[in-house]
Amino acid sequence: TFFDTFRCAGVMREGPVSDAALIAHLRASLLPQRFPVRREAELEGGAGDAGDAVSFYDHHWPAPSLLAASAVRVAGGDIAAALRAAGIRQLLRALVAKTASAQEALAALAERIDTAGLDIGLLVLDVVTGTASGAACGRASAVLARSERAGTAVLQAGDIAWLTAGDAAAPPAAVATPLDGIAALVHERIGRGRSGAACALLVKARGRLAQEAAFS
């Protein structure tokens, strides 16, 4: 019909969709919204790639008082790698929601998929009690307060937890919280053409009721 011909003509004028455009769109869709201003925590993350991987960071609330954050690098810079990254992001969210533990979530992930070429740093924090669990696989790290790697710790106000994946620089040995926030610290970890992701979580307060929430 006339309308079908018109639609086909429109598609032909736009030209075929390139793989590069699709990969760029998939990369952008992996990044979460900005972490909101909250009384109990501040979170900053970033990712960079040299074309040989798909990297991203993520954060979500699997329960009212439970905050999960991750830094992930998936080897490969093609559409298959971008689709794999998108699937891993969703699977990680589901596993954290069911386990509420970084260690258990990564163990369950390894039981279900091939983790070759996969770097993940994962953190799960209860913002009421301050209890945090961290775990990592591949070329990644989960450093809790006072440079305690992985495991479980109780974070206090002023503590900073770090996640890195891939070629992101290792977290600094000692960190003083900058007056203007932790964004600059994270961006230093992923600059200079590195391929990977980094994420930092600053604990600002503890002990709030799970039913309470404050946003600016």
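For the structure itself, look to the data block above.
Rules of the game
- Residues numbered from 1 in each chain as written.
- Predicted model: local features only at pLDDT ≥ 70, side-chain atom pairs only at ≥ 80, totals over all residues.
- Heavy atoms only, no water.
- Axes fitted to C-alpha atoms, helices over the stretch in contact; angles between N-to-C directions.
- Helix = DSSP H or I, 4+ residues; strand = E, 2+ residues; numbered from the N terminus.
- Parallel < 35°, antiparallel > 145°, perpendicular 65-115°, else oblique.
- Left-handed = near helix turned anticlockwise from the far one by under 90°.
- Contact = heavy atoms within 4.5 Å.
- Nonpolar A, V, L, I, M, F, W, Y, C, P; charged D, E, K, R; others polar.
- Buried < 20%, exposed > 50% of the residue type's maximum accessible area, 1.4 Å probe, protein only.
- Arc of directions from axis to C-beta.
- Salt bridge = Lys/Arg side-chain N within 4 Å of Asp/Glu carboxyl O.
- Pairing = 2+ DSSP bridges.
- Core = buried A, V, L, I, M, F, W, Y, C linked by side-chain atoms within 4.5 Å.

A.B. asks: Lay out the packing of helix α3 (residues 79-99) against helix α4 (residues 102-112) in plain terms, naming residues and giving numbers.
C.D. replies: Packed helices, taken two at a time, are described by their axes: the angle between them and the distance between them. Put simply, α3 and α4 touch, their axes get as near as 9 Å, and they point 130 degrees apart. Judged by the angle between their axes, α3 and α4 are oblique. As for the relative orientation of α3 and α4, their crossing is right-handed in sense. Residue-level contacts link L91, L92, L95, V96 and T99 of α3 to E104, A105, L106, A108 and L109 of α4. The residue inventory of the contact of α3 with α4, partitioned by class, reads eight nonpolar, one polar and one charged.

A.B. asks: Before we move on, could you go through helix α5 (residues 183-190) and cite the residues and values that matter?
C.D. replies: By the burial criterion, the buried members of α5 are L185, V186, R189 and I190. On an axial view of α5, the arc spanned by its buried residues comes to 125 degrees, and they lie on one face.

A.B. asks: Explain the pattern of salt bridges residue by residue, including any values.
C.D. replies: A complete count under the given rule lists nine salt bridges for this structure. Among the salt bridges present, the one from D58 reaches R89, with a minimum N-O distance of 3.5 Å. One end of the pair, D58, is in strand β2 (residues 53-63); the other, R89, is in helix α3, and 31 residues separate them in sequence. For the pair D58 and R89, a shared accessibility class is recorded, and that class is buried. Notably, a salt bridge pairs R139 with D167, separated by 2.8 Å at the nearest N-O pair. In this pair, R139 is assigned in the loop between β5 (131-137) and β6 (140-143) and D167 in the loop between β8 (160-166) and α5, connecting sequence segments 28 residues apart. Given the relative accessible area of 31%, D167 is considered partly exposed. Three or more residues joined by partner-sharing salt bridges are found here, namely D52, R73 and D119.

A.B. asks: Help me get a handle on the pairing of β8, residues and values and all.
C.D. replies: In terms of burial, β8 is a largely internal element, seven of the seven residues being buried. The sheet contact formed by β8 and strand β9 (residues 196-203) spans seven bridges and is antiparallel. Considered in β9, the bridge of W162 is made with A200.

A.B. asks: Give a detailed account of the sheet that holds β6, specifying residues and quantitative values.
C.D. replies: Adjacent strands of a sheet pair through backbone hydrogen bonds, lying either parallel or antiparallel. Within the open sheet, the four strands sit side by side as β1-β9-β8-β6. Their pairing is antiparallel. Looking at which strands have only one partner, the edges of the open sheet turn out to be β1 (41-48) and β6. Here the strands of the sheet are splayed against their neighbours by 5 degrees on average, with no regard to which way each runs. Judged from the four bridges that link them, β6 and β8 form a sheet pairing that is antiparallel. Looking at the pairing, V143 lines up with W162 of β8. On the sheet, α5 packs against β1, β8 and β9 and is oriented at approximately 25 degrees with respect to β1.

A.B. asks: Tell me what's going on with the nonpolar core, and back it up with residues and numbers.
C.D. replies: Residues L92, I120 and L122 are the most contacted members of the largest nonpolar core, which totals 26 residues. Looking at this core, the elements that each hand over two or more residues are α2 (19-30), β2, β3 (66-75), α3, α4, β4 (118-126) and β5. Looking at this core, the element that brings in the most residues is α3, giving seven residues. Residue contacts for I120: discarding those within four places in its chain leaves A71, V72, I88, L92, L106, L109, A135, A136, C137 and A140. A71, L144, A145 and A165 belong to the second largest nonpolar core, which has 23 residues in total.

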